Amino acid sequence: MTPPAPLHTAAAETPVGVNADVWADGGSELCVSFALVPRPGSAAEARQLAKAQLLGWNIGEDCRDAAALVVSELVTNAIVHTASHRIVCELCTRPGTLRIAVRDDGYGSGVPRPAQEGPDADDEHGRGLLLVEAVSNAWGVRDEGPGAGLTVWAELRA
């Protein structure tokens, strides 16, 4: 499994809003981050921002669709399961790999993990991390420390 990836410093400092911060690490990795206010519609906004960025990076349609799903699920979980005031989403690409990381303020109850038993057919919730796990090469959670939040990350083949 790929080790948990912390957000870049620039991502951690991204102001809330739709302004994206784009940077390169001096090597082959290119990143963008954006911060969102956790409210209804934020997951859709994050999904649209991610798809637009990935299209600009010339990421293939299958990967863009999987990434949009991952971003949507991780942002939704941060909204529903934490009392965060700010959610930061980071996308990083390097040859063959796309990494998605979503950090919340960490005011939730525990570490995210897929349900031990699958949700009932009629359940509206409970499938998000199962979907993330299904479309990702690897995913995980990084506890950023007391008061610093949680980062949930996933890597996809680009």
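Per-chain numbering applies: the sequence of each chain, read as written, is numbered from 1 onward. pLDDT decides what is reported in this predicted model: residues at 70 or higher carry local features, side-chain atom pairs at 80 or more are listed and counted, and totals for whole chains, interfaces and linings draw on all residues regardless. Think of the side-chain values as coming from all heavy atoms in the structure, minus any hydrogens and water.

Asks: Is there a simple way to explain the state of the cysteines in this structure?
Replies: What is meant by a disulfide is a covalent connection between two cysteines, made through their sulfur atoms. The disulfide criterion is simple: two cysteine sulfur atoms within 2.5 Å. According to the stated counting rule, one finds one disulfide in the structure shown. C89 forms no disulfide, and the closest cysteine sulfur to it belongs to C92, at a distance of 9.9 Å. On the accessibility criterion, C89 (0% relative accessible area) is buried. Three labels apply to residues, based on accessible area from a 1.4 Å probe with only protein chains included: buried if under 20% of the type maximum, exposed if over 50%, partly exposed otherwise in between.

Asks: Sorry if this is basic, but what is going on with helix α2 (residues 42-56) here?
Replies: Since the α-helix turns once every 3.6 residues, residues separated by three or four places project in the same direction. In this model α2 runs 21 Å from its N-terminal to its C-terminal C-alpha over 15 residues, within 8% of the 21 Å that 1.5 Å per residue would give. What counts as a helix is a DSSP run of H or I of at least four residues, what counts as a strand is a run of E of at least two, and both are numbered from the N terminus. Residues of α2 that are buried include every one of S42, A43, E45, A46, A50, Q53 and L54, and no others. Down the axis of α2, the sector holding all buried residues measures 160 degrees, keeping them to one side. For α2, the exposed residues set more than 90 degrees away from the buried face come down to Q48, A52, L55 and G56. Downstream of α2 by one or two residues, N58 has phi in the positive range, about 65 degrees. Expected helix span is computed as 1.5 Å times (number of residues minus one). Arc definition: directions from the helix axis to the C-beta atoms.

Asks: Sorry, what's going on with unusual backbone geometry here?
Replies: Negative phi characterises most residues that are not glycine, and trans characterises most peptide bonds. In the Ramachandran plot, N58 falls in the positive-phi region, its phi being about 65 degrees despite a non-glycine side chain. Residue placement: N58 occurs in the loop between α2 and α3 (61-81).

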